[in-house]
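# Structural overview for review
If you want the building blocks of each chain, they are given just below.
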Protein chains: 2
Amino acid sequence: MARSLGRLLKGFRSLISPPAMRTQLSYPTACVSVRTMVALPSLFSSKPRDFSLPNSSWGSEMMRLYEHYNSQCEVETEGGETQRGPWQRLPSYNRSLKYATGGVYLKEQRCVCIFQAGHLLEGPPGHVHGGAIATMIDTVTGTHATILSGPVMTANLNVNYRSPIPLGSTVLIESTLDTQEGRKIFISCKVTSNNGSKLHTEATALFLSINVSHLLGGG
Amino acid sequence: MARSLGRLLKGFRSLISPPAMRTQLSYPTACVSVRTMVALPSLFSSKPRDFSLPNSSWGSEMMRLYEHYNSQCEVETEGGETQRGPWQRLPSYNRSLKYATGGVYLKEQRCVCIFQAGHLLEGPPGHVHGGAIATMIDTVTGTHATILSGPVMTANLNVNYRSPIPLGSTVLIESTLDTQEGRKIFISCKVTSNNGSKLHTEATALFLSINVSHLLGGG
């Protein structure tokens with residue numbers, strides 16, 4: 001599997017190592033002519049690109065929710081000045097939710113992701129695959145845990161599938177911090193219809209803070 | 001996400017509806033000349049193709065395990081005749097485990113899948129993403145449940161990540177039927193190193209038998 005699942009998943013690494021580092025490693029500059037190097041910024045830019053912006057695959061509900069949350073990231077004061085609002089938008093280059101989502105928004109101990117699954121994520125006829133839902137939950141809660149306390153690893157993921165998610169529908173994936181105990185971070189998550197009225201999936205996740213150098217050293 | 005994840009996941013549907021039906025639906029025969037129609041069998045064959053066969057991306061451990069299980073699918077009698085062995089190989093067109101695996105093998109109440117994750121499934125640096133592991137577990141246990149009692153939906157998936165899986169390593173994903181109670185099928189699953197000595201992941205899964213027509217009708 002997974003050229004594009006890979007695209008989604010490998011972004012997780014960018015929480016820890018900057019994309020620029022990978023670009024350097026995979027691009028032998030010694031082989032590049034001066035003329036090509038001039039063209040590099042457009043082809044191999046190390047400047048991060050935010051992939052969670054509107055594109056032609058988004059449905060109207062994706063757009064509506066995107067605008068709903070975006071409008072709360074900045075508010076206007078009485079004096080006509082703009083200042084930071086209650087929600088904060090996390091651009092896709094800070095985390096692994098690229099391509100498939102309308103952004104992740106952070107507010108106090110809550111994190112919300114707008115998600116619309118296409119037909120390639122089909123599991124049961126006409127509905128999203130349970131593994132794809134688990135992947136999204138792991139990614140949103142893992143992003144949340146990482147923001148709260150740095151690099152983490154998933155220790156447990158317990159997913160209850162209450163109602164299947166129709167392909168193409170826009171859902172909200174919302175994670176909430178339950179508690180932190182030493183290295184442990186307990187997070188709850190629910191997937192609901194776009195207005196929150198229908199519960200599709202509930203989950204709990206346990207993450208452990210890790211020392212990334214340990215992992216890289218194979219310790 | 002997910003052109004290729006989609007390839008993996010959409011195969012789940014082929015457990016229920018034959019691929020030929022989808023080919024017909026997506027191919028407007030009215031626009032096809034006689035000459036093109038003659039060429040159809042090679043380009044748009046409705047004959048299922050088994051994707052879980054050795055290819056250049058497989059490592060030596062994948063090949064060894066593939067041969068290990070394959071050799072137990074047929075045994076030779078004293079009279080020199082071949083007969084069915086203790087394991088049964090499930091070709092990929094019967095289920096959703098395409099492209100990424102060395103086949104799924106069935107033996108009594110056990111089902112085993114040989115799996116080697118490439119770099120595109122990276123989560124934590126150098127290791128497989130928790131969501132990809134959950135997806136594989138959901139798929140293997142779901143395939144197993146479907147073989148045991150027809151179409152099912154995942155109701156619960158509880159995954160404990162014991163030890164991260166290094167990218168490129170070959171692991172065994174083994175599911176075992178725990179019990180069946182009416183519409184409920186309880187299955188356990190573990191992911192181990194190729195010789196079974198190291199436990200990477202443990203999980204339990206609960207599936208519910210479903211009436212697919214119900215799902216298709218949106219009931």
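Residues numbered from 1 in each chain as written. Chains lettered and ligands numbered in written order. Predicted model: local features only at pLDDT ≥ 70, side-chain atom pairs only at ≥ 80, totals over all residues. Heavy atoms only, no water.

### Description of the overall build of chain A
Heads up, the rule is: Put simply, DSSP H or I for four residues or longer makes a helix, DSSP E for two residues or longer makes a strand, and each gets a number counted from the N terminus. Burial classification: accessible surface area is computed with a 1.4 Å probe over protein chains only, and a residue below 20% of its type maximum counts as buried, one above 50% as exposed, and the rest as partly exposed. Shrake-Rupley sampling with a 1.4 Å probe provides the accessible areas, and residues are treated as covered by the protein chains on show and by no other component.
Each helix and strand in chain A was counted, giving 6 helices and 9 strands. Evaluated residue by residue, chain A yields a buried proportion of 47% over its 219 residues. A total accessible area of about 10600 Å² is found for chain A, and carbon and sulfur atoms account for 52% of it.

### Considering helix H5 (residues 130–149) of chain B
All names here are of chain B. Spelled out, the test is: Expected helix span is computed as 1.5 Å times (number of residues minus one).
Here H5 spans 28 Å end to end across 20 residues, near enough to the 28 Å set by a 1.5 Å rise per residue. Judged by how many residues are buried, H5 sits mostly within the fold: 17 of 20 residues are covered. Immediately beyond the C-terminal end of H5, within one or two residues, lies Gly150, with a positive phi of roughly 80°.

### Description of the packing of aromatic side chains
Two descriptors summarise a pair of aromatic rings, namely the distance from one centre to the other and the angle between the planes of the rings. Residues and elements named next belong to chain A. Applicable threshold: Under the pairing criterion, centres of Phe, Tyr and Trp rings, with the six-membered ring standing for Trp, must be within 6.5 Å; the plane angle then separates stacked pairs below 30 degrees from edge-to-face pairs above 60, leaving the rest tilted.
Overall, the coordinates contain 4 aromatic pairs over all chains when judged by the stated rule. Judged by centre distance (5.2 Å) and plane angle (75°), the rings of Trp58 and Tyr66 are edge-to-face. You can call Trp58 buried: its relative accessible area is 10%. Tyr66 sits in the buried class, given a relative accessible area of 10%. Ring geometry for Tyr69 versus Trp87: centroids 5.1 Å apart, planes at 90°, classification edge-to-face. With a gap of 18 residues between them, Tyr69 in helix H4 (residues 60–70) and Trp87 in the loop between strand S2 (82–84) and strand S3 (88–90) connect regions that are remote in the sequence. Trp87 carries the same exposure label as Tyr69, and that label is buried.

### Here we look at the pairing of strand S7 (residues 170–181) of chain B
All names here are of chain B. For clarity, the threshold we go by: Note: two strands are recorded as paired if DSSP finds a minimum of 2 bridges between them.
By the bridge criterion, 7 bridges tie strand S5 (residues 110–116) to S7 in an arrangement that is antiparallel. Within S7, the residue paired with Cys111 across the bridge is Ser175. Hairpin connection from S7 to strand S8 (residues 184–193): 2 residues lie between these consecutive antiparallel strands, with Gly182 at a positive phi of about 60°.

### What to know about the confidence of the model for chain A
The condition is simple: The pLDDT score gives, residue by residue, the confidence of the prediction method on a 0 to 100 scale.
For chain A, per-residue confidence averages 75 on the pLDDT scale, and residues scoring 70 or more make up 70% of the total. The ipTM, which scores confidence in the relative placement of chains, is 0.72 for this predicted complex, and the corresponding pTM is 0.73.

### Describing the environment of Gly118 of chain B
All names here are of chain B. If you trace the backbone, Gly118 turns up in the loop between S5 and H5. A relative accessible area of 37% means that Gly118 is categorised as partly exposed. Along the backbone, Gly118 and Pro166 are 48 residues apart, and their C-alpha atoms lie at a distance of 9.6 Å.

### Let's talk about the pattern of salt bridges
Residue and element names in this part refer to chain A. Put simply, the test is: Any carboxyl oxygen of Asp or Glu within 4 Å of a side-chain nitrogen of Lys or Arg constitutes a salt bridge here.
Within this structure, the stated rule accounts for 6 salt bridges over all chains. Between Glu61 and Arg64 there is a salt bridge, with its nearest N and O atoms 3.1 Å apart. Residue Glu61 and its partner Arg64 are located together in helix H4, separated by 3 residues, close to a single helical turn. Taking relative accessible area as the criterion, Arg64 reaches 41% and is therefore assigned partly exposed.

### A closer look at helix H4 (residues 60–70) of chain B
Worth spelling out the cut-off: Note: the arc covers the axis-to-C-beta directions of the helix.
All of the buried residues in H4 of chain B are Met62, Leu65, Tyr66 and Tyr69 of chain B. All buried residues of H4 of chain B project into a common sector of 105° when viewed along the axis, lining one side.

### With respect to the side chain of Ser193 of chain B
We apply this condition: We call two residues contacting when some pair of their heavy atoms lies within 4.5 Å.
Mapped onto the elements, Ser193 of chain B comes out in strand S8. Residue contacts for Ser193 of chain B: discarding those within four places in its chain leaves Thr170, Leu172, Lys198 and His200 of chain B.

### Examining the packing of helix H5 (residues 130–149) of chain A against H5 of chain B
For any two helices packed against each other, the geometry is given by the interaxial angle and the distance between the axes. Keep this limit in mind: Only C-alpha atoms enter the line fits that serve as axes; for helices the fit covers just the stretch in contact. Angles between N-to-C directions range over 0 to 180 degrees. Angular relationships are summarised with four words: roughly parallel below 35 degrees, roughly antiparallel beyond 145, roughly perpendicular across 65 to 115, and oblique for the angles in between. The sense of a crossing depends on the near helix, which, turned anticlockwise from the far helix by less than a right angle, makes the crossing left-handed and, turned clockwise, makes it right-handed. Under the convention adopted here, Pro, Cys and the residues Ala, Val, Leu, Ile, Met, Phe, Trp and Tyr are nonpolar, Asp, Glu, Lys and Arg are charged, and Gly plus all remaining residues are polar.
For the pair H5 of chain A and H5 of chain B, the least separation of the axes is 8 Å and the interaxial angle reads 160°. Put simply, H5 of chain A runs roughly antiparallel to H5 of chain B. Here the hand of the crossing between H5 of chain A and H5 of chain B comes out right-handed. The segment H5 of chain A lies against H5 of chain B, with Gly130, Gly131, Ala132, Ala134, Thr135 and Asp138 of chain A engaging Gly130, Gly131, Ala132, Ala134, Thr135 and Asp138 of chain B. In terms of residue class, the contact of H5 of chain A with H5 of chain B is made up of 4 nonpolar, 6 polar and 2 charged.

### What about the side chain of Ser175 of chain A?
Residues and elements named next belong to chain A. Note the following rule: Pairs of N or O atoms within 3.5 Å make up the polar contacts considered here, provided that, within protein, one atom can donate a hydrogen while the other can accept it, and that residues adjacent in sequence are counted only when both atoms are side-chain atoms.
Checked against the element boundaries, Ser175 lands in strand S7 (residues 170–181). Polar contacts involving the side chain of Ser175 include one to the side chain of His144, which spans 2.5 Å. The contacts of Ser175, once residues within four sequence positions are left out, are Gln109, Arg110, Cys111, Val140, Thr141, His144, Ile187, Ser188 and Cys189.

### Quick look at the environment of Ser71 of chain B
All names here are of chain B. Tracing the backbone through its elements, the reader meets Ser71 in the loop between H4 and strand S1 (74–76). The spacing of Ser71 and Leu208 is 137 residues in sequence and 34 Å in space, taken between C-alpha atoms. At 2.8 Å, the side chain of Ser71 and the backbone oxygen of His68 are in polar contact.

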